[in-house]
Amino acid sequence: MSALSPRRWLPHLVLGLGALVMLLPFYWMILTAIRSPSEIFDISLWPVPKHFAGIENFTQAATSVPMARFMLNGVIVCGGILIVQVLTAVPAAYALAKLRFPGRRLMLSLVIAALCVPMQALALPLFVGLAKAQLLNTYFAMMAPFLLSVFAIFLFHQSFRSYPDEIIEAARLDGFSELEICWRLVLRGSLPSLAAFAVFSVVAHWNDLYWPMIVVTRTELAPPPLGMLFFSDAETGANYGALMAGATLITAPIVLCFLAARKQFVAGITMTGVK
Amino acid sequence: MTAAFPAAIPHAAPRRDARARRMIRRGLAFAAPAAVLLVVIYLLPLVMLAGFSVTDYQLGALRWSFVGLKNFAAAFRDPVFLRALGNTALYAAIVIPCGIFLSLGAALLVHGTRRSRALWEIAYFLPVTATLVAMATVWQFLLHPTLGPVNAAITWLGAAPVSFLGTPALLIPTLALIGTWQIIGFNMVLFLAGLTAIPKDLTEAARLDGARHPVDRFLTVTWPMLGPTTMFVAVTTSISAFKVFETVAVLTKGRAGSETLLYALYLEGFDYSNTGYAAALTLIFLAIVLVLSIGQTLHLEKKVHY
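Residues numbered from 1 in each chain as written. Chains lettered and ligands numbered in written order. Predicted model: local features only at pLDDT ≥ 70, side-chain atom pairs only at ≥ 80, totals over all residues.

## Quick look at the overall build of chain A
Rule in force here: Secondary structure counts use DSSP, requiring at least four H or I residues in a row for a helix and at least two E residues in a row for a strand, with both numbered from the N terminus. We compute the radius of gyration from the C-alpha atoms alone; for a globule the expected value is 2.2 Å times N to the 0.38, where N is the number of residues. Whether a residue is buried, exposed or partly exposed is read from the other C-beta atoms within 10 Å of its own C-beta, which are placed from the backbone; 20 or more gives buried, 12 or fewer gives exposed, and intermediate counts give partly exposed. Distance between backbone-placed C-beta atoms decides contact: two residues are in contact if it is within 7 Å.
Across its full length, chain A carries 14 helices and zero strands. If you list the helices and strands of chain A from N to C, you get α-α-α-α-α-α-α-α-α-α-α-α-α-α. In terms of overall dimensions, chain A is more spread out than a globule: its C-alpha atoms have a radius of gyration of 24 Å, far above the 19 Å expected for 275 residues. Principal-axis analysis of the C-alpha atoms places the extent of chain A at approximately 75 × 70 × 35 Å. Within chain A, the proportion of its 275 residues that are buried is 45%. Considering only intrachain contacts with a sequence separation of at least 6, the fraction spanning at least 24 residues in chain A is 72%.

Here's what the structure looks like:
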């Protein structure tokens, strides 16, 4: 086939046009974030602004709302959720995969059943419970429904099952405690699963709006998506440059991680069917 | 599942008893934190949800009474809820076919490329990772009637500008457009995994059997072999379509009759504090999601064995 044959270049042309549509919002976001307000009315896709206003726009985004605070809240909430999820799911998955105890089968069935229940179905009773306990508007309330990830238990259980029993038995004879076996031997054999789960968990909770919108009303506790909502409501139409600068700041951490670790990212996000 | 287990238990009888008991204690101790959270986060809330749904409880109210199935009956006469249900169905009816076939097309094309594969994967997957709330704000600007490039292009082509987010009839289709944009990369990656799993010999055999044209080979080999993947993609796409919320919260806030299922539920439960009624709506939402995911499990099990 010659280089000019349509079979050669047509797929690339179609994919290229599709990619333009997929990337247009990102391009427009960054372009607007570095343009001055007067240029926004020109509607040109030319990448170089006549007057570089990026510094003004990002400064305004960072000062008119506590953007740094939103990001910090996002880090605290995502980090807290991930740590507790791993601390609770790994031992449970190890017990389900490698230890025998009464109720094991029941727990495994409950975990699999719980996989089908979306978080939004649990939000109402959890909200009532947290409201009664006077815990609304706290970091704990933002993390509470996600402290247990049945998905993590399921994933680690699948992965731990293939760990050889002979090694576990040998380690026990060598005087390793069960905790050491679980965390230092078995988990080490499942590090790719752990990495993929971490990606999945952080992306899901960094981007989540539904639950924070329910339990948080105070601006200083808002995670990035809720902060963005406050920001866009407050700034309607007034300053698109600053709004887009804010959107860039919120989107950047996850997008940069994706670009840095594409393989783990794709694995982490797609291994679960239901986001 | 536990075929290798007996090997882990030594044969000496008295020691076995002691060890088995220790094993049980450890198993319980290791599983306990997760088991407690499973009860507190999943089981209790589901019981409470069912309980709320048959009362007229309102958060903060001191008195409440048992109303039986009245909340469910009211839901199916509530114009707002019915409109939300219809909107969500319309949204799903656009996002499901577009999200499946556009991503399948992209996956087939990307699968055929060699050196540029990583590049396409990045371009199409980027919207999946981006914070939807922020990107919805960007879309609002892109689709702006006077300031957005989309309408600039429409005007340049000679048509009248379209107010995507100002015309009630266009609100849900516009949200569906953004929903499709966000889900294509996710589905494409799933399809790519399915395509990679198809043995090369099969395509080769079809070629030798006379399926010369790529379309023939697609219809005789690729499409049937992708069956389980397509089913999985269809189910995950429909579940995410029924959970549409962020774009509504940012772009329409339910104005001009554009509520979706989760948004209506959010308003009833958390804005108006009609806990009992919202619980009934939640159970209807849960039933829809469960039917979709059970369909997924059954179909997957059936299709996995060729």
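## Details of the overall build of chain B
Broken down by element type, chain B carries 13 helices and zero strands. Seen in sequence order, chain B has helices and strands lined up from the N terminus as α-α-α-α-α-α-α-α-α-α-α-α-α. In terms of overall size, chain B is more extended than a compact globule, its C-alpha atoms giving a radius of gyration of 26 Å where 306 residues would be expected to give roughly 19 Å. Principal-axis analysis of the C-alpha atoms places the extent of chain B at approximately 90 × 75 × 30 Å. Here chain B, with 306 residues, has 42% of them falling under the buried criterion.

## Considerations on the confidence of the model for chain B
Residues and elements named next belong to chain B. Cut-off, in case you're wondering: The predictor attaches a confidence to each residue, called pLDDT, with possible values from 0 through 100.
Counting all residues, the mean pLDDT for chain B is 86, and 91% of those residues have values of 70 or more. Mean pLDDT per element in chain B: helix H13 (residues 275–304) is the minimum at 79, and helix H3 (residues 79–112) is the maximum at 94. Taken over the whole predicted complex, pTM reads 0.87, whereas the ipTM for its chain interfaces reads 0.87.

## Here we look at helix H10 (residues 227–242) of chain B
Let me state the cut-off plainly: Expected span, for any helix, means 1.5 Å times one less than how many residues it has.
With 16 residues, H10(B) should reach 22 Å at 1.5 Å per residue; the first-to-last C-alpha distance of 23 Å fits that figure. Looking only at H10(B), the buried set comprises Thr229(B), Thr230(B), Val233(B), Val235(B), Thr236(B), Thr237(B), Ser238(B), Ile239(B), Ser240(B), Ala241(B) and Phe242(B).

## Some words on the packing of H3(B) against H10(B)
Residues and elements named next belong to chain B. We apply this condition: As a rule, the C-alpha atoms of each element are fitted with a line to give its axis, helices using only the stretch in contact, and angles between N-to-C directions run from 0 to 180 degrees. For a crossing to be left-handed, the near helix must be turned anticlockwise from the far one by less than a right angle; the clockwise case is right-handed.
Relative orientation of the contacting elements H3 and H10 amounts to 145 degrees, with a least axis distance of 9 Å. Of the two possible hands of crossing, H3 and H10 adopt the one that is right-handed. From H3, Thr-88, Tyr-91, Ala-92, Val-95, Ile-96, Gly-99 and Ile-100 reach across to H10, where they touch Thr-230, Val-233, Ala-234, Thr-237, Ser-238, Ala-241 and Phe-242.

## Some remarks on the packing of helix H2 (residues 54–64) of chain A against helix H13 (residues 240–260) of chain A
Residues and elements named next belong to chain A. Applicable threshold: Reported orientations rely on four angle classes, namely roughly parallel under 35 degrees, roughly antiparallel over 145, roughly perpendicular from 65 to 115, and oblique for the rest.
Look at H2 against H13: their axes get within 8 Å of each other, and the N-to-C directions meet at 75 degrees. Considering the angle they form, H2 stands roughly perpendicular to H13. Here Asn-57, Phe-58, Gln-60, Ala-61 and Ser-64 of H2 come into contact with H13, specifically with Gly-241, Ala-242, Ala-245, Gly-246 and Leu-249.

## As for the interface of chain A and chain B
Of the residues lining the interface, 83 residues belong to chain A; the matching set on chain B comes to 77 residues. Ranked by the residues each element gives to the side of chain A that touches chain B, the list is headed by helix H1 (residues 6–33) of chain A, at 14 residues.

## A short note on the environment of Ala241(B)
Summarising the element assignment, Ala241(B) is placed in helix H10. For the pair Ala241(B) and Ile96(B), spaced 145 residues apart in sequence, the C-alpha to C-alpha distance is 7.4 Å.

## With respect to unusual backbone geometry
For residues that are not glycine, phi is negative in most cases, and the peptide bond is trans in most cases. Residue and element names in this part refer to chain B. The backbone of Ala-256 sits at a positive phi, close to 55 degrees, despite the residue not being glycine. Phi at Ser-273 is positive, roughly 55 degrees, even though this residue is not glycine. Locating Ser-273 in the fold gives a position in the loop between helix H12 (261–271) and H13. What makes Ser-273 partly exposed here is the crowd of 17 C-beta atoms within 10 Å.

## What to know about the confidence of the model for chain A
Taken as a whole, chain A shows an average pLDDT of 87; of its residues, 95% reach a score of 70 or greater. The weakest mean pLDDT in chain A belongs to helix H14 (residues 262–270) of chain A at 78; the strongest belongs to helix H6 (residues 139–143) of chain A at 95.

## Topic: the environment of Val67(B)
All names here are of chain B. Its location among the elements puts Val-67 in the loop between helix H1 (13–53) and helix H2 (70–75). Owing to 18 C-beta atoms within 10 Å, Val-67 belongs among the partly exposed residues under this scheme. C-alpha of Val-67 to C-alpha of Phe-52: the two residues are 15 residues apart in sequence and 9.9 Å apart in space. In this structure, Val-67 is in contact with Val-54, Thr-55 and Asp-56, ignoring residues within four places of it in sequence.

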